[in-house]
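Survey of secondary and tertiary structure
Each chain, written out:
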Amino acid sequence: MDRPDLNEIEENHNLNLIPAKRELLILINRSPLPYVPNQRYPWYQVVSNTKGYKMSKYKMRKLSPGFMKSLIDHDGALHPILERIQRDNTLLLCIRDNYINIYYRGGNLLRITGNKHSQKYKAFFDTNYNKNGFSINLPSSDIDSSNDAELWSKSFSTIKEVMDSYFEKNKKSEREFQQLVVRENTRSNISNQTEYFVTDIELSSHNARFDMSAVKISSKDRKILKNCKPVFFEMKYSIDALKGKSGMLKHIQDMDSLVSNKEIYDSIVENIEIQFKDMYELGLINYKKPQNKDIEDFSLNRDLKPEFIFILANCNPRSKNLLDIITDPKMQAFASNQHFDLKFFVSGYSGYALHSDCMFTLPEFQKIVSLFQ
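Residues numbered from 1 in each chain as written. Predicted model: local features only at pLDDT ≥ 70, side-chain atom pairs only at ≥ 80, totals over all residues. Heavy atoms only, no water.

Let us now look at helix H8 (residues 248-260). Across its 13 residues, H8 extends 19 Å between first and last C-alpha, which sits within 8% of the 18 Å expected from 1.5 Å per residue. Every buried residue of H8 is accounted for by Met248, His251, Ile252, Asp254, Met255, Asp256, Leu258 and Val259. (Helix = DSSP H or I, 4+ residues; strand = E, 2+ residues; numbered from the N terminus. Expected span 1.5 Å × (residues − 1). Buried < 20%, exposed > 50% of the residue type's maximum accessible area, 1.4 Å probe, protein only.)

Moving on: the packing of H8 against helix H9 (residues 262-281). Two packed helices can be described by the angle between their axes and the distance between those axes. Running from N to C, H8 and H9 point in directions that differ by 95°, and their axes come no closer than 5 Å. Regarding the angle of H8 to H9, the classification is roughly perpendicular. Where H8 approaches H9, its residues Leu258, Val259 and Ser260 are matched on the opposing element by Lys262, Ile264, Tyr265 and Ile268. Classifying every residue of the contact of H8 with H9 gives 5 nonpolar, 1 polar and 1 charged. (Axes fitted to C-alpha atoms, helices over the stretch in contact; angles between N-to-C directions. Parallel < 35°, antiparallel > 145°, perpendicular 65-115°, else oblique. Contact = heavy atoms within 4.5 Å. Nonpolar A, V, L, I, M, F, W, Y, C, P; charged D, E, K, R; others polar.)

Tallied over the entire structure, the rule returns 21 salt bridges. The shortest N-O distance in the salt bridge between Lys216 and Glu307 comes to 2.9 Å. One end of the pair, Lys216, is in strand S7 (residues 208-216); the other, Glu307, is in strand S9 (residues 307-313), with 91 residues separating them in the sequence. Like Glu307, Lys216 is buried. A salt bridge links Lys343 to Glu307, with the shortest nitrogen-to-oxygen separation between them at 3.4 Å. Taken together, the residues span a long stretch of sequence, with Lys343 in strand S10 (residues 341-345) and Glu307 in strand S9 at a distance of 36 residues. Classification of Lys343 by relative accessible area gives buried; the value is 17%. Judged by its relative accessible area of 0%, Glu307 falls in the buried class. Among the charged side chains, a salt-bridge network with shared partners connects Lys216, Lys229, Glu307 and Lys343. (Salt bridge = Lys/Arg side-chain N within 4 Å of Asp/Glu carboxyl O.)

Backbone geometry places Glu202, a non-glycine residue, at a positive phi of 55°. Along the chain, Glu202 turns up in strand S6 (residues 196-205). Residue Glu202 is classed as buried on the basis of its relative accessible area, which comes to 13%. Of note, Tyr349 is a non-glycine position whose phi angle comes to about 70°, a positive value. The topology assignment puts Tyr349 in the loop between S10 and strand S11 (359-360).

This part covers the sheet that holds S10. Either a parallel or an antiparallel arrangement is found when strands of a sheet pair, and the pairing is made through backbone hydrogen bonds. Strand order in this open sheet of 6 strands is S6-S7-S8-S9-S10-S11, and the pairing throughout is mixed. Edge positions in the sheet fall to S6 and S11, since each of these pairs with one other strand and no more. Each of S6, S7 and strand S8 (229-237) touches H9; the most contacted strand, S6, lies at about 135° to it. (Pairing = 2+ DSSP bridges.)

Bridge count for strand S3 (residues 107-115) against strand S4 (residues 118-124) is 5 bridges, and the pairing is antiparallel. Paired with Arg111 across the two strands is Phe124, which belongs to S4. Between S3 and S4, which pair antiparallel one after the other, the connecting turn spans 2 residues. Sheet topology places S4 next to strand S5 (residues 142-143); 2 bridges connect them, and they run antiparallel. Residue Lys122 lies in a different strand from S5, and its bridge partner there is Asp142.

The next point concerns the packing of aromatic side chains. All chains considered together, the criterion is met by 20 aromatic pairs. Here Phe177 and Tyr352 contribute two aromatic rings whose centre-to-centre distance is 6.2 Å and whose plane-to-plane angle is 80°, an arrangement assigned as edge-to-face. With a gap of 175 residues between them, Phe177 in helix H7 (residues 173-186) and Tyr352 in the loop between S10 and S11 connect regions that are remote in the sequence. Under the relative-accessibility criterion, Phe177 is labelled partly exposed at 22%. When its relative accessible area of 15% is taken as the criterion, Tyr352 is described as buried. Here Phe197 and Phe276 contribute two aromatic rings whose centre-to-centre distance is 6.4 Å and whose plane-to-plane angle is 75°, an arrangement assigned as edge-to-face. (Phe/Tyr/Trp six-rings, centres within 6.5 Å; stacked < 30°, edge-to-face > 60°.)

One finds Ile102, Ile112, Phe232 and Ile326 to be the most contacted residues of the largest nonpolar core, which totals 79 residues. Broken down by element, the residue count for this core peaks at 8 residues, all from helix H6 (residues 146-169). Residues contacting Phe232, with those up to four places away along its chain left out, are Leu203, Phe210, Met212, Met255, Leu258, Tyr265, Ile268, Ile272, Pro306, Glu307, Phe308 and Ile309. Counting residues in hydrophobic clusters, the runner-up holds 21 residues, among them Tyr103, Val182, Tyr196 and Cys358. (Core = buried A, V, L, I, M, F, W, Y, C linked by side-chain atoms within 4.5 Å.)

Okay, structure coming up:
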């Protein structure tokens, strides 16, 4: 079995490793000994049992000023890649801890990692997508100039073809629909008409994982920019995804646990603010701010309860399983919650444009589902 990439380990398990501990994992990663991962949390035992080191409580996802500059400036080393993403809405750029992931159809097309001590970058494409053995000649992993970035930008079409072939046999329906939701509410020509702007996907904090984080800017607050609300989304694709260890109830319990921990929750809210501003500066959020406002005026209102919203994609409305789940007493206990507002998205006419009027409380959603029984 291939050893996991260290950046992915840190991202997936919210580990912010100090250099000494990271070096320890690098040594383990290079070890000739067989790699046997922990079934649920690969590497977690190694990390948590290493004495003398500490992990941060929440790992912020933001880019250094130099990284942002290299993307935004016309002569920046990464600017050609940003331009490609700006004109191709099948691509999704997500900010991580001084690196970016570029997603396509729910898969990671490319990761670009920054160096905090220089303006040099590393590009990584996961060749595990190339199961069919296409002959592809990718540029050097080193990106030292805009010419290097231009070569990677031109390679995206080839990489997409490789990933399309992979997805024919390895479906990522939930992740693909998730990326569609992001595009419609962040990058499309109707995004500025919606009220929810997605800032990130695959958010994780300890054992809690959420599909999307977002900012809610209601239509009545468009001119204020200081009364915005943090939002967390969970997408479930088909009825089969509603139960079990990663089912609806588990996510609700995780959300309650997250918001109850003020220190971690405040860090996440701060990170959502940073990402919204950075994504706006990168030209990747189609939001028309008030003319007399600067994007730095934007802030989330910590006094407002966040929203936790389920998006149920391609679920059979006649399914009794769905009704049984949402009428379970354990779920009913969260219908009125002091920590967050639980809601369910029901599309307006058709599509994934997210509006306040399309969000229903648990009792309201139960009535809607009951109509199909």
